[in-house]
Amino acid sequence: MEHPDTEHSDGELFPRERAEIVPGAVHVPDWLGPGRQRELVEACREWARPPAGLRTVRTPGGGTMSARQVCLGLHWYPYGYAPTAVDGDGGPVKAMPDWLARLGRSAVAAAYGQDPDPGVAYDIALVNFYEGDSRMGMHRDAEERSEAPVVSLSLGDSCLFRFGNTASRGRPYRDVELRSGDLFVFGGPVRRAFHGVPKVLPGTAPPGLGLTGRLNITLRVGGLG
Ligand SMILES: O=C(O)CCC(=O)C(=O)O
Ligand SMILES: [Fe+2]
């Protein structure tokens, strides 16, 4: 017997709920509505243009990252920050828009139920573009001096996001499915936890978004001034 009343528009029996994965790491499903997601995808397309546009990141060991990346505010490279695309075309990094910095603060408030400290100003964004077979290995976001939480916004295809511990790349970790519009925030005791993206789920993007693949925007406070 079916109970249509309890079924949600996306065909799920239960709505996905805000979840504290470990203390300091919070998943807020569907934080961005469809209109906001479209605006962000459009903004990412602009940011991806040269100079200092979307690039393939080369690691010191001679490998390449499979997710391509563009930065705002400060340019991240393995492993530091610079004002220009030092490992790309050398162009000046694009500015971090005020509206995106404000979105970072409201994301923290949504995740933790409490405004961030007044001094917390999101001044760096990394935009990662994943195609079907892209991944991101377990790593920590370690080049920032600030301990402010990292804010992560997902657009397009869903992925498996692996959130681990502060000691090693291995277990214990939790795998969380991040879908288009989801917010994930990690700070406090797990600000330096290892995390990665073992898998993208191709073909799972909302049809109306006009995006093939996955975009992730991580907002950070550098504390590097
Ligand atoms: O794509 C993601 O969800 C994670 C991205 C990430 O960890 C990073 O850019 O440092
Ligand atoms: Fe990261």
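Reading the values: the criteria
Residues numbered from 1 in each chain as written. Chains lettered and ligands numbered in written order. Predicted model: local features only at pLDDT ≥ 70, side-chain atom pairs only at ≥ 80, totals over all residues. Helix = DSSP H or I, 4+ residues; strand = E, 2+ residues; numbered from the N terminus. Rg over C-alpha atoms; globule rule 2.2 N^0.38 Å. Buried ≥ 20, exposed ≤ 12 C-beta atoms within 10 Å, placed from the backbone. Pairing = 2+ DSSP bridges. Axes fitted to C-alpha atoms, helices over the stretch in contact; angles between N-to-C directions. Contact = placed C-beta atoms within 7 Å. Near = placed C-beta within 6 Å. Expected span 1.5 Å × (residues − 1). Arc of directions from axis to C-beta. pLDDT = per-residue confidence, 0-100.

Right, let's talk about the overall build of the protein chain for a bit. For the protein chain, the count of helices and strands is two helices and 13 strands. Compactness check: the protein chain gives a C-alpha radius of gyration of 17 Å against a globular reference of 17 Å for 225 residues, within 12% of the reference. If you line up the protein chain on its principal axes, its C-alpha atoms span 60 × 35 × 35 Å. Scored against the burial criterion, the 225 residues of the protein chain give a buried share of 36%.

Pairing in this open sheet of four strands is antiparallel, and the strands run 7-12-9-10 from one edge to the other. Only two strands of the sheet have a single neighbouring strand rather than two, namely strand 7 (136-139) and strand 10 (174-178). The sheet shows a mean angle of 25° between the axes of neighbouring strands, taken without regard to direction.

Read across the open sheet, the seven strands follow the order 1-2-11-8-13-6-3; overall the sheet is antiparallel. This sheet does not close on itself; its edge strands, each paired only once, are strand 1 (19-22) and strand 3 (68-72). Taking each pair of neighbouring strands and ignoring which way they run, the sheet shows an average axis angle of 20°. Here three bridges tie strand 1 to strand 2 (residues 25-28), and the two strands are oriented antiparallel to one another. Its bridge partner lying in strand 2, Val22 is registered against Ala25. Where helix 1 (residues 34-47) meets the sheet, it contacts strand 3, strand 6 (124-130), strand 8 (150-156) and strand 13 (214-220), and its direction lies at approximately 95° from that of strand 8. Across the face of the sheet, helix 2 (residues 98-112) comes into contact with strand 2, strand 6, strand 8, strand 11 (183-186) and strand 13 while running at roughly 80° to strand 11.

It is worth spelling out the site of ligand 1 at this point. Around ligand 1 lies a shell formed by Leu126, Asn128, Met136, Asp141, Ser152, Phe161, His195, Val197, Asn216 and Thr218. Those elements giving two or more residues to the shell around ligand 1 turn out to be strand 6, strand 12 (195-201) and strand 13.

Further remarks concern the environment of Asn165. Secondary-structure assignment places Asn165 in the loop between strand 9 (158-163) and strand 10. A C-alpha to C-alpha distance of 22 Å links Asn165 and Ile217, two positions 52 residues apart in sequence. Other than its neighbours up to four places away in sequence, Asn165 contacts Pro172, Tyr173, Ala193 and Phe194.

Another aspect to go through is helix 1. Look at helix 1: 20 Å from first C-alpha to last across 14 residues, which is about the 20 Å you get at 1.5 Å a residue. Regarding helix 1, the residues found buried are Gln37, Leu40 and Cys44. All buried residues of helix 1 project into a common sector of 65° when viewed along the axis, lining one side. What points out from helix 1, more than 90 degrees from its buried face, is the exposed set Gly35, Glu42 and Glu46. Looking at the buried positions of helix 1, the neighbouring elements they touch are strand 6, strand 8 and strand 13.

This part covers the confidence of the model for the protein chain. The pLDDT averaged across the protein chain works out to 95; a share of 96% of its residues lies at or above 70. Every residue in residues 1-6 is under pLDDT 50, and counting partners more than four places away or in other chains gives one contact. Interface confidence in the predicted complex, given as ipTM, is 0.99; pTM for the same model is 0.95.

As a further point, take the pairing of strand 6. Among the seven residues of strand 6, six are classified as buried, and the element is accordingly described as predominantly covered. In the sheet, strand 3 pairs with strand 6 via five bridges, with the strands oriented antiparallel. In the strand pairing of strand 6, Cys71 is matched with Leu126. Of the pairings in the sheet, the one linking strand 6 to strand 13 comprises seven bridges and is antiparallel in character. Bridging from a neighbouring strand, Ile124 pairs with Arg220 of strand 13.

Our focus in this paragraph is unusual backbone geometry. Backbone phi values are negative for most residues with the exception of glycine, while trans is the configuration of most peptide bonds. Here the bond from Pro78 into Tyr79 is cis, since omega is 0°, no more than 30 degrees from zero. Along the chain, the position of Tyr79 falls in the loop between strand 4 (75-77) and strand 5 (80-82). Here the amide bond leading from Arg171 into Pro172 is cis, since omega sits at 0°, within 30 degrees of zero. Turning to its location among the elements, Pro172 is positioned in the loop between strand 9 and strand 10. Backbone geometry places Asp30, a non-glycine residue, at a positive phi of 55°. Considering the arrangement of structural elements, one finds Asp30 in the loop between strand 2 and helix 1. A count of 16 C-beta atoms within 10 Å places Asp30 in the partly exposed class. Of note, the phi angle at Ala52 is positive, near 50°, even though the residue is not glycine. As for its position among the elements, Ala52 is in the loop between helix 1 and strand 3.

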